[in-house]
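# Report on the structure
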Amino acid sequence: MLQIDSVNVFARSHYLPLFSRLGPYDTGDLDRLLFARRPRYVEYWAHVAAFVAAADRPLFAFRMAELRRKYESDPDGWVSRHRDVVDWVRAELAARGPLRPAEIERDVRRSPRGGWWEWDVVKEALEFLWLFGEVAIAGRRGFERRYGLAVDVLGAELAGREVPRPEAIRELVRRAARAYGVATAADLADYWRIRDRRAILAAVSDLVEQGELIPVAVSGWTTAGRPTPAWLHRDARVPRRVEAAALLTPFDPMVWFRDRAERLFDFDYRIEIYTPAARRRFGYYSLPVLVDDAIVARVDLKADRSTQTLQVQSAWWEREPTPSVVDRVAEQVRQAASWQGLERLSVSRWGDAVDHLAAALPHASRHAAGPATG
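First, a word on what this report is: a plain description of the structure on this page. On a predicted model such as this, the values are computed, not experimentally measured, just so you know.

Tallying each qualifying case throughout the model produces 17 aromatic pairs. Pairing Tyr71 with Phe128 gives two aromatic rings, centres 5.0 Å apart and planes at 65 degrees, and the pair type is edge-to-face. Taken together, the positions of Tyr71 in helix α3 (residues 61–72) and Phe128 in helix α7 (residues 119–131) put the pair 57 residues apart, joining distant regions of the chain. Looking at Tyr71, the relative accessible area reads 27%, which means it is partly exposed. Since its relative accessible area comes to 8%, Phe128 is described here as buried. An angle of 65 degrees between the planes, with centres 5.2 Å apart, marks the rings of Tyr191 and Trp192 as edge-to-face. The burial state of Tyr191 is the same as that of Trp192; both residues are buried. Here the aromatic residues Tyr44, Trp45, Phe60, Trp130, Tyr180, Tyr191, Trp192 and Trp256 are joined through ring pairs into a cluster of three or more. Sitting over the ring of Phe143, Arg140 keeps its end group 4.3 Å from the ring centre.

With that settled, consider helix α5 (residues 83–96). Compared with the 20 Å implied by 1.5 Å per residue over 14 residues, the 20 Å span of α5 between its first and last C-alpha is a close match. Every buried residue of α5 is accounted for by Asp84, Val85, Val86, Trp88, Val89, Glu92 and Leu93. Looking at the residues trailing α5, positive phi occurs at Gly97, about 85 degrees.

In this section: helix α2 (residues 27–34). The complete set of buried residues in α2 reads Gly28, Leu30 and Leu34. Projected onto a plane normal to the axis of α2, the buried residues spread over an arc of 155 degrees and lie on a single side. At its buried positions, α2 is contacted by β1 (2–3), α1 (16–22), β2 (41–45) and β3 (49–53). Backbone nitrogen of Gly28 and a side-chain oxygen of the N-cap are separated by 2.8 Å at the start of α2; the cap is Asp26.

Estimates place the volume of the largest pocket at around 1400 Å³. Contributing to the lining of the largest pocket are 46 residues, with Arg21, Ala179, Tyr180, Gly181 and Met254 lying nearest its centre. Within the residue set of the lining of the largest pocket, elements represented by two or more residues are β1, α1, α2, β3, α10 (165–180) and α13 (258–265). Sort the elements by how many residues they give to the lining of the largest pocket and α10 lands first, with five residues. Partitioning the lining of the largest pocket into residue classes produces 34 nonpolar, three polar and nine charged.

A separate point is the nonpolar core. As a rule of thumb, nonpolar side chains are buried together in soluble globular proteins. Of all hydrophobic cores here, the largest spans 111 residues; its most connected members are Phe10, Val89, Ile200, Tyr285, Leu301 and Leu310. Apart from residues no more than four positions distant in its own chain, Ile200 is found in contact with Ile169, Val173, Ala185, Leu188, Ala189 and Ile194. If you look at the next biggest cluster of nonpolar residues, it comprises nine residues, including Val255, Ala261, Phe267 and Leu290.

So, how was this worked out
- Residues numbered from 1 in each chain as written.
- Predicted model: local features only at pLDDT ≥ 70, side-chain atom pairs only at ≥ 80, totals over all residues.
- Heavy atoms only, no water.
- Phe/Tyr/Trp six-rings, centres within 6.5 Å; stacked < 30°, edge-to-face > 60°.
- Helix = DSSP H or I, 4+ residues; strand = E, 2+ residues; numbered from the N terminus.
- Buried < 20%, exposed > 50% of the residue type's maximum accessible area, 1.4 Å probe, protein only.
- Lys NZ or Arg CZ within 6 Å of the ring centre and 35° of its normal.
- Expected span 1.5 Å × (residues − 1).
- Arc of directions from axis to C-beta.
- Contact = heavy atoms within 4.5 Å.
- Polar contact = N/O pair within 3.5 Å; in protein donor to acceptor, adjacent residues only side chain to side chain.
- 1 Å grid on protein atoms, 1.4 Å probe; cavity = no way out; pocket = protein on both sides within 12 Å on 5 of 7 lines; lining within 4 Å.
- Points joined across faces, edges and corners; volume = space filled by probe spheres on them.
- Nonpolar A, V, L, I, M, F, W, Y, C, P; charged D, E, K, R; others polar.
- Core = buried A, V, L, I, M, F, W, Y, C linked by side-chain atoms within 4.5 Å.

Listed below in structure tokens is the structure:
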């Protein structure tokens, strides 16, 4: 699952997890996988909006049904108040096939109530139909989606397939457990944003009975002074040592659940893109930096494509760095610039790690930045 986010100050979020794990790669290869004519991957509300395998879409049929009940059952809700718009948009897609919003916008016509529909209302209708599973995303132009009826995008067999709710939640919990290795019930629930704790625990119980999950206690994981129940996936392996270095997106499963990030790494993480500039502590788009088995730093990166420069807007240590750690973090910044096709580096003067990084990046220029300008 690759979470989607519109922020593009450095790179769009769905590209970054693969960079973190594979190093520099051609994002065009990923685009060809994601946006093929008959897609192997689709967008849906998995964790939040995310790319998932098309074959896995039926696992979210229960979510589609729940969202439909939630929004259609309210007589005063948006869908009920705009039923004419929803019906018209559905009919447009049925008649014309997949369309970009701009293509529908040109044909927005008068509603039966009289007066012109607002364009935002049409876009909202498309989003609700997507949440309900009637519509699928048929690719993008840049970051603009093309919406089509699910049967047209995916084919009738896949569009109509559903996995019963208990079976689907059990499979999603299995996958979260396998991805995390060891996890609490809260971890397993957050991976797919499943709010039904009773269903999560029922799935865990089934997987324990099948021998796939093993109940464990993890040192330091406590609730009200008692060990927090946790489960180890049977395929998890504890390596003798971990040798890795990576920039992580704020939307990476390694750190996207704040409680887990704090338990694993003693790392208190809040993304600050929605924080007023003067109140930012670490920067607008601060990326955690993993070295071996620890989060050692956070760096706020901005790709200034007009000058072909990767700007380190701020950089901060999570712990006292060794020379080796400084060099490894600097190397991640170099790789990030190369991956994005940027020829230059510039390091600001905001943060307790910037002077270390500037020294390790001798060809980088310096620039002023702070919470009000970063």
